[in-house]
Amino acid sequence: MNLSTIYEPKQVEDKIYQLWERSGFFNPDKLSKTAKKPFTIIMPPTNANGSLHAGHGLVLTIEDIMVRYKRMRGFKTLWLPGLDHAGFETQVVYEKKMEKEGRPRFKMAPEELYKEILEFTLENKKNIENQTRKIGASCDWSREKFTLDSDIVKTVHNTFKKLFDDNLVYRGKKIINWCPKHQTSLSDLEITDKEQIDKLYYLKYGPFIITTARPETKFGDKYVVMHPKDKRYKEYKEGQKIKLEWINGQVTATVIKDTAIDMAFGTGVMTITPWHDAVDFDIAERHNLEKEQIIDFQGRLLPIAKEFTGIKIAEARPKIIEKLKSKGLVEKIEDDYKHIVKTCYKCATVIEPQIKNQWFVKMKLLAEPAIKAIEKDEILFIPKHYKKISLHWLKNIIDWNISRQIVWGIPIPAKICEKCQEAVVDIGDEAEASSSPFANARVIVDMGNEAKKCKKCGGELRKETDTFDTWFSSGQWPFASLGYPNSQDYKTFYPTDVMETAGEIIFFWVVRMIMLGLYITKKNPFKNVYLHGLVLDAQGNKMSKSRGNVINPLELTDKYGTDAFRMGLIIGNTPGTSLALDENRIRGYRNFANKIWNAGRFVIANTGGCNIRKKPSLQKRDAKHLAELNKLVADVTQNMDDFKFYIAAEKLYHYFWHTFADKIIEEKKESLKSNDRKIKSSAEWLLLEIYATCLQLLHPFMPFITEEIYTNFLPNWPEKKLLIVENWPYTKTLK
RNA sequence: GGACGGUUAGCUCAAUGGUUAGAGCAUCGCGUUUACAUCGCGGAGGCUAUAGGUUCGAAUCCUAUACCGUCCACCA
């Protein structure tokens with residue numbers, strides 16, 4: 001190894017990745033026949049709407065470590081990569097792009113928009129795949145899946161049909177979260193609470209004083225609600241009618257008593273707007289009250305507002321108050337009313353609750369088996385506290401709105417009667433599923449055409465235009481991506497072993513995968529859930545485009561090498577806690593890579609004739625060093641099995657640098673000069689043995705440099721393989 | 001209002017009830033001995049947030065308090 005004293009990652013990484021890809025060992029079918037026991041990780045499908053960020057770097061590194069370790073342990077190891085169309089997320093990204101280009105989205109035909117986003121996604125695909133390779137991910141590209149592949153769409157449709165047939169899906173006119181900017185409904189998880197200070201208005205409503213922060217919704221209010229036990233209002237009876245003067249003239253109010261009222265808030269009386277408030281909606285449902293829309297889906301007032309019709313609500317509010325003042329209906333106004341408003345998690349627009357016909361999944365029954373599985377520890381969470389968090393959420397679960405009014409997604413395979421709104425789920429004759437991923441993703445899913453007229457009323461049926469919440473399809477990813485129900489892969493690799501993803505999306509994704517997996521396959525989709533935290537910048541701030549502190553992982557791998565980048569992500573990062581990504585640390589691990597390189601140069605130069613398979617009788621001190629190494633192997637193996645990669649990596653770092661390089665090599669320099677053949681050969685064998693073993697142990701963490709040295713510079717001995725499929729040293733110590 | 005975390009060296013974080021609580025970065029001193037200056041050797045830096053308790057033994061387990069953070073929740 002007559003090479004430079006500096007390790008040059010750029011001259012190594014691409015070459016080595018190609019070597020691995022050509023070897024075929026990413027594919028479990030190409031591994032040794034002795035590899036029988038499967039080990040499976042399904043990669044969280046990458047959003048196909050941009051580039052990799054540091055968080056992806058962490059996902060790929062952690063999973064690659066697990067996968068490389070298990071592969072070396074002799075498992076039939078599958079790491080299945082995937083891409084997510086990421087419905088709403090991608091459409092938002094694309095709309096922003098269109099906005100910049102000055103092209104309004106809502107003027108575009110849905111098919112056109114779909115086509116453009118598909119093209120955009122395909123462009124990103126190559127980019128993302130190459131970046132994934134740069135991180136060193138040893139995933140099986142031959143099995144790559146995309147959430148819009150026709151076979152995936154088919155699985156998703158079948159699941160939807162089964163839910164519908166089992167009466168677990170319904171189409172209902174319920175109050176939903178409506179984003180006026182994006183013109184779609186959102187699930188409860190896609191809402192961000194924001195604290196805000198507004199005015200609180202005390203208004204005279206007949207004999208009552210009511211409080212509201214949203215006078216613009218009050219046009220249609222005709223129910224006045226109070227707590228049944230409120231003594232202040234005991235003279236008013238349920239159902240009692242009261243004539244009173246309101247914004248646009250006289251109205252008749254009806255008294256309603258409901259325990260949802262907080263007697264301590266304001267005056268203990270409120271009027272309700274069931275169309276635009278979830279609490280009010282519930283009250284109206286309980287008492288079977290009329291509901292009326294006041295604000296349209298663009299956020300403008302409807303004709304019920306008379307002279308305010310067509311005005312945006314923010315603009316209308318002060319004008320309405322002016323009118324109320326002129327009529328003497330304003331009692332007082334508080335300026336510092338602090339309250340929570342719901343906003344769209346993507347654009348921060350204030351959510352306007354609306355009543356709309358939407359598709360919902362009943363979650364209570366689906367949650368029960370998941371609760372049991374988690375309580376019985378059939379699924380283990382790392383870190384443990386996520387068990388409690390999941391259970392708490394599952395036990396308080398509410399129905400899930402799975403329909404979105406966006407084009408970029410899997411169409412909901414249903415028809416709806418124009419007349420009576422009866423829905424038919426019609427998955428029809430789908431085209432045969434294709435085995436080729438992504439390329440065959442279809443723009444529009446073929447729907448069966450059997451149902452033409454409504455069975456109930458004979459009315460015309462129209463195709464549903466809504467698409468699924470993207471999490472509805474990714475919630476089925478473990479079994480869908482493996483080709484449920486008939487494929488050999490599904491039979492071999494499901495249930496999977498580990499689901500590794502960001503703790504942030506535990507409700508969005510992980511828990512829903514458990515529910516849907518159990519519902520469809522009757523099996524837990526995975527045995528372990530490993531959740532990592534956020535990757536923050538060096539100052540501990542969340543990375544965001546607006547803050548301008550986004551770290552591009554590729555810049556770091558370029559600067560310091562992928563191996564150093566990976567070590568920087570792993571060491572000091574315990575599961576579940578966020579990690580401040582400090583460039584200085586990565587530089588430290590680049591130095592470590594260099595240490596490995598130079599120690600290699602020394603070992604190889606001084607052990608030329610040594611055959612590692614022929615162990616000489618060791619000097620006493622050397623035997624002690626070997627015993628110490630074996631202790632390290634046992635410890636590290638245990639750490640790997642316990643998912644404690646941060647400890648394993650740190651131990652290896654320390655052993656290699658401060659024990660092997662600093663002490664053992666220095667000590668053996670004398671022995672290597674010795675004329676006593678016994679002393680010399682003992683030292684040579686020991687150095688080579690320790691060095692080779694360290695390369696094996698370090699390989700999951702630092703795959704490039706270790707493979708490069710192991711394969712290209714270490715002497716050849718019988719049965720030596722590519723490091724990626726070399727036996728994990730533990731198997732040696734077992735003998 | 002509920003739930004879940006966290007508090008350890010200047011900074012970022014480890015520590016599987018058991019020697020003297022460890023790393024990296026930063027810092028200070030010394031050192032070019034042909035594997036490596038992307039280096040080596042050495043040092044300084046801690047009442048492990050606070051107060052109790054359990055234990056032969058606690059950073060670690062329990063209780064309370066304080067502060068920081070995250071998530072969930074329908075107060076108009």
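Everything numeric in this text was worked out from a predicted model, so none of it was measured.

### Brief notes about helix H1 (residues 13–23)
Every buried residue of H1 is accounted for by Glu13, Ile16, Tyr17 and Trp20. Viewed along the axis of H1, the buried residues span an arc of 100°, placing them on a single side of the element. If you follow the buried residues of H1, they end up packed against helix H2 (54–72), helix H4 (110–134), helix H15 (562–570) and helix H20 (703–712).

### Details of the sheet that holds strand E7 (residues 184–186)
Read across the open sheet, the four strands follow the order E7-E6-E15-E17; overall the sheet is antiparallel. Each edge of the open sheet is held by one strand with a lone partner, namely E7 and strand E17 (400–401). In terms of strand pairing, strand E6 (residues 169–179) meets E7 through three bridges, oriented antiparallel. Among the inter-strand pairings, Trp178 is bridged to a residue of E7, identified as Ser185.

### Considering the domain arrangement of chain A
Split into domains, chain A comes out as domain 1 (23–148 + 471–564), domain 2 (188–352) and domain 3 (580–725). Look at where the C-alpha atoms of domain 1 and domain 2 centre, and you get two points 45 Å apart. Of the residues lining the interface, seven residues belong to domain 1; the matching set on domain 2 comes to five residues. When domain 1 packs against domain 2, close to 580 Å² is buried across both sides, 69% of that on carbon and sulfur atoms. The three residues of domain 1 that bury the most area against domain 2 are Phe88, Glu89 and Phe508, which together make up 68% of that side's buried surface. The interface formed by domain 1 and domain 2 contains one salt bridge. Among the ionic pairs, Lys346 bridges to Glu89, the shortest N-O distance being 3.1 Å. The tally of links between domain 1 and domain 2 comes to two residue pairs in polar contact (both at pLDDT 80 or more). Listing elements by their share of the side of domain 1 that touches domain 2, those giving two or more residues are helix H3 (87–100) and helix H13 (506–521).

### Thoughts on the packing of helix H16 (residues 583–606) against helix H18 (residues 645–673)
Any two packed helices are characterised by how steeply their axes cross, that is the angle between the axes, and by the distance between the axes. Running from N to C, H16 and H18 point in directions that differ by 25°, and their axes come no closer than 11 Å. The angle between H16 and H18 places the two elements in the roughly parallel class. Helix-helix and strand crossings are classified by hand; for H16 and H18 the assignment is left-handed. Seen from H16, the contacting residues are Tyr589, Asn591, Phe592, Lys595, Ile596, Ala599, Phe602, Val603 and Asn606; seen from H18, they are Leu652, Tyr653, Phe656, Trp657, Phe660, Ala661, Asp662, Ile665, Lys669 and Leu672. Here the contact of H16 with H18 is built from residues that sort into 14 nonpolar, two polar and three charged.

### Structural notes on the packing of aromatic side chains
Using the criterion set out here, one finds 40 aromatic pairs in the structure. Taking the centre distance of 6.0 Å and the plane angle of 55° together, the rings of Phe656 and Tyr691 count as tilted. Residue Phe656 is located in helix H18, and its partner Tyr691 is located in helix H19 (residues 677–698); the two are separated by 35 residues in the primary sequence. For the pair Phe656 and Tyr691, one class covers both residues: buried. Put simply, the rings of Tyr589, Phe592, Tyr653, Phe656, Trp657, Phe660 and Tyr691 pair up and form one aromatic cluster.

### Here we look at the protein's contact with RNA strand B
Neighbouring RNA strand B are 42 residues, the closest being Asp262, Phe265, Tyr337, Thr574 and Trp657. Take Asn584: an N or O atom from its side chain is 3.3 Å from a sugar or linking oxygen of RNA strand B. Contacts to RNA strand B include Asn598, whose backbone N or O atom sits 3.2 Å from a base nitrogen. When residues of the surface near RNA strand B are traced back to their parent elements, those giving at least two are strand E9 (208–212), strand E14 (330–344), helix H9 (386–395), H16 and H18. Per-element accounting of the surface near RNA strand B gives the leading share, twelve residues, to H18. The class makeup of the residues in the surface near RNA strand B is 16 nonpolar, 16 polar and ten charged.

### Brief notes about H16
When the terminal C-alpha atoms of H16 are compared, their 35 Å separation across 24 residues agrees well with the 34 Å that a helix rising 1.5 Å per residue should span. Residues of H16 that are buried include every one of Ile586, Tyr589, Phe592, Ala593, Ile596, Trp597, Ala599, Gly600, Val603 and Ile604, and no others. Against helix H14 (553–560), H15, H18, H19 and H20 lie the buried residues of H16.

### Quick look at the nonpolar core
Across soluble globular proteins, nonpolar side chains show a tendency to be buried alongside one another. Among the nonpolar cores identified, the biggest contains 175 residues, and Trp359, Met515, Ile596, Phe645, Phe660, Tyr691 and Phe701 are the most heavily contacted of them. Looking at which domains feed residues into this core, each of domain 1 (23–148 + 471–564) and domain 3 (580–725) gives three or more. Residues in contact with Met515, not counting those within four places in the same chain, are Met363, Leu366, Ala367, Ala370, Trp393, Leu394 and Ile397. In this structure, Val224, Ile242, Ile247 and Ile320 belong to the second largest nonpolar core, which totals 30 residues.

Calculation criteria
- Here the residue numbers are simple positions, counted from 1 along each chain's written sequence.
- Just so you know, chain letters begin at A and ligand numbers begin at 1, following the order they were written in.
- Residues qualify for local features only when their pLDDT is at least 70, as the model is predicted, and side-chain atom pairs are given and counted only at 80 or more; totals for whole chains, interfaces and linings, by contrast, use all residues.
- Side-chain metrics in this entry use all non-hydrogen atoms of the structure; hydrogen atoms and water are not considered.
- Buried, partly exposed and exposed residues are distinguished by accessible area as a fraction of the type maximum, computed with a 1.4 Å probe on protein chains only: under 20%, between the cut-offs, and over 50%, respectively.
- Numbering goes from the N terminus for both helices and strands, where a helix is a DSSP run of H or I of at least four residues and a strand is a run of E of at least two.
- Picture the helix axis, draw a direction to every C-beta atom, and the arc is the one those directions span.
- Working rule for contacts: check all heavy atoms of both residues, and any pair within 4.5 Å makes them a contact.
- We treat two strands as partners when DSSP finds at least two bridges between them.
- Each domain span listed reflects an automatic or database assignment of domains.
- Take the accessible area each of two parts loses on contact, using a 1.4 Å probe, and add the two losses: that sum is the buried area.
- Salt bridge, as used here: a side-chain nitrogen of Lys or Arg that lies within 4 Å of a carboxyl oxygen of Asp or Glu.
- Under this definition, polar contacts are N or O atom pairs within 3.5 Å; protein pairs additionally need one hydrogen-donor-capable and one acceptor-capable atom, and for neighbouring residues in sequence, both atoms have to be side-chain atoms.
- Only the stretch in contact is used when fitting a helix axis, every axis being a line fitted to C-alpha atoms; angles between N-to-C directions are given from 0 to 180 degrees.
- Angles are sorted into four bins: roughly parallel if under 35 degrees, roughly antiparallel if over 145, roughly perpendicular if 65 to 115, and oblique for all others.
- A clockwise turn of the near helix away from the far one marks a right-handed crossing, whereas an anticlockwise turn of less than a right angle marks a left-handed crossing.
- Think of it as three bins: nonpolar holds Ala, Val, Leu, Ile, Met, Phe, Trp, Tyr, Cys and Pro, charged holds Asp, Glu, Lys and Arg, and polar takes everything else, Gly as well.
- Each pair of aromatic rings taken from Phe, Tyr and Trp, with Trp reduced to its six-membered ring, is defined by centres within 6.5 Å and is described as stacked if the planes are under 30 degrees apart, edge-to-face if over 60, and tilted in the remaining cases.
- We define proximity as follows: a residue is near a molecule or strand when any one of its heavy atoms falls within 4 Å of that partner.
- Every helix has an expected span of 1.5 Å times one less than the residues it contains.
- Buried Ala, Val, Leu, Ile, Met, Phe, Trp, Tyr and Cys residues that are joined via side-chain atoms within 4.5 Å together make up what is termed a nonpolar core.

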